[in-house]
Amino acid sequence: MGESARISGHTHLITLIGNPTTHSLSPATHNLSFEHEGIDTVYLCFDVKDNAQLPKVIEAMKVMEGWDGSNVTMPCKQAVIPLLDELDDAAALMGAVNVIRYRDGKTKGFNTDGVGFWDNVRKHGVDIKGKKLTLIGCGGAGSAVLVQAALDGMTEIDVFEMAEGNGMKNAKELAPKLLEKTGCKVNLFVTGDMEALAASIQSSDVLVNSSPVGMGEGCTDTPVPAELIKPGSVVADTVYFPRETQLINDARAKGCTVVGGLGMMIEQAAVGEEIWYGIKMDTDMIERELYS
């Protein structure tokens, strides 16, 4: 059924706000899922070029009968927080929101990036509770992976980041908060310390790349030399273009359980739909129909 055939005066709305939004894969993902699940909702993108306009945007959506929530992308993930009534634990720890639910006159902000990432890992038969993680990169995606790993029961995480920059700043701010809230110990290392990286990987159960290294068609760059990958471990990447990065290829050759980045995007979308409507997205159908 086409969009025009299924939209009526009763159709509800989920939005994406940020700038830019035109490149987003979310409208195709959610609109296909809503149609498949029989949810009378459409998903539309709205560019918000100036965070100063966010209060007007949120208030406008709240007075529109039928708005059920939103995804939030940059540069609005932090700026939207003071405008919301509640936050979940991940959003509060990270200081960033990517999902808003509007229900009973109240807005609640969530951060589902980390949940989506680890749900994708669990789909590959991996239990992270009580395990140790080597995490490369602690920017937006890396911070989400870090926070949710601790919330989900990992006991120790080694973070590798550039000495100067937002990633290391994020890690330094999050480390004591996560220790206090979850008991997870976070150790910080500088990118390029290959001796520390080798030791960390050998003592870890899971290796995750959340840096942009390896991104781009035909790219053969990797954040971890193949010889440092621990045979038989779990190796996951947040990069999904290309679908299989050099890191993933090298890890597969070492007999590792490998987890590519596309699943994180789809699983994160699935978490959003569960928050908005309590439905379980058919993620296999979405990947087959849109991204095969």
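Keep in mind that what you see is a predicted model, and the values were worked out from it rather than measured.

Colleague: Explain the domain arrangement of the protein chain to me, using residue names and the numbers behind them.
Modeller: As far as domains go, the protein chain holds domain 1 (12-110 + 264-291) and domain 2 (114-259). Here the C-alpha centroids of domain 1 and domain 2 sit 26 Å apart. Contacts between the two partners involve 14 residues from domain 1 and, on the opposite side, 19 residues from domain 2. Taken together, the two surfaces of domain 1 and domain 2 that pack against each other cover about 1,300 Å², and 68% of this comes from carbon and sulfur. Counting the contacts that link domain 1 with domain 2 gives four salt bridges. Among the salt bridges present, the one from Glu 267 reaches Lys 123, with a minimum N-O distance of 3.2 Å.

Colleague: Pulling in residues and values, what's your account of a nonpolar patch on the surface?
Modeller: A contiguous nonpolar patch, built from Leu 25, Tyr 240 and Phe 241 and spanning about 280 Å² of accessible area, is present on the exposed surface. Residue Leu 25 is classed as partly exposed on the basis of its relative accessible area of 34%.

Colleague: Residues and numbers for the packing of aromatic side chains, please.
Modeller: In this description, an aromatic ring pair is defined by two values, namely the gap between the centres and the angle between the planes. For the structure shown, the criterion picks out four aromatic pairs. With centroids separated by 4.9 Å and ring planes inclined at 90°, the aromatic side chains of Phe 117 and Trp 118 adopt a geometry described as edge-to-face. Per residue, the accessibility class of Phe 117 equals that of Trp 118, and both read buried.

Colleague: Could you give an account of the sheet that holds strand β4 (residues 86-87), with specific residues and numbers?
Modeller: Across the sheet, six strands lie side by side as β2-β1-β3-β5-β6-β4; this open sheet has mixed pairing. Of all the strands in the sheet, just β2 (41-47) and β4 have a single pairing partner and so form its edges. Relative to β2, strand β1 (residues 12-18) is paired through seven bridges, and the arrangement is parallel. Pairing of Ile 17 across the sheet is with Phe 46, part of β2. Docked against the sheet, helix α2 (residues 26-37) engages β1, β2 and β3 (67-72), running at close to 165° with respect to β2. On the sheet, helix α3 (residues 54-62) packs against β1, β3, β5 (99-103) and β6 (106-110) and is oriented at approximately 175° with respect to β1.

Colleague: Outline helix α6 (residues 140-151), listing residues and values.
Modeller: Each turn of an α-helix holds 3.6 residues, which means side chains three or four residues apart point in the same direction. Taking 1.5 Å of rise per residue, the 12 residues of α6 would be expected to cover 16 Å, and the 17 Å separating its terminal C-alpha atoms lies within 8% of that figure. Judged by how many residues are buried, α6 sits mostly within the fold: nine of 12 residues are covered. Downstream of α6 by a residue or two, Gly 153 has a phi angle that is positive, lying close to 105°.

Colleague: How would you summarise the UniProt feature "active site" (unreviewed entry) in the protein chain if you had to cite specific residues and measurements?
Modeller: The positions UniProt marks with the feature "active site" (unreviewed entry) are Lys 77. In this fold, Lys 77 is placed in the loop between β3 and β4. Residue classification places Lys 77 among the buried residues on the basis of a relative accessible area of 16%. Apart from residues lying up to four places away in sequence, Lys 77 is in contact with Val 72, Gly 95, Ala 96, Val 97, Asn 98 and Asp 113.

Quick notes on the rules
Residues numbered from 1 in each chain as written. Predicted model: local features only at pLDDT ≥ 70, side-chain atom pairs only at ≥ 80, totals over all residues. Heavy atoms only, no water. Domains from an automatic or database assignment. Contact = heavy atoms within 4.5 Å. Buried area = accessible area lost by both parts, 1.4 Å probe. Salt bridge = Lys/Arg side-chain N within 4 Å of Asp/Glu carboxyl O. Patch = residues over 30% accessible without salt bridge, like charges linked within 9 Å, V, L, I, M, F, W, Y side chains within 5 Å. Areas by Shrake-Rupley, 256 points an atom, 1.4 Å probe, with all protein chains shown as cover. Buried < 20%, exposed > 50% of the residue type's maximum accessible area, 1.4 Å probe, protein only. Phe/Tyr/Trp six-rings, centres within 6.5 Å; stacked < 30°, edge-to-face > 60°. Pairing = 2+ DSSP bridges. Helix = DSSP H or I, 4+ residues; strand = E, 2+ residues; numbered from the N terminus. Axes fitted to C-alpha atoms, helices over the stretch in contact; angles between N-to-C directions. Expected span 1.5 Å × (residues − 1). UniProt positions renumbered as here; feature names shortened; annotations may be inferred.

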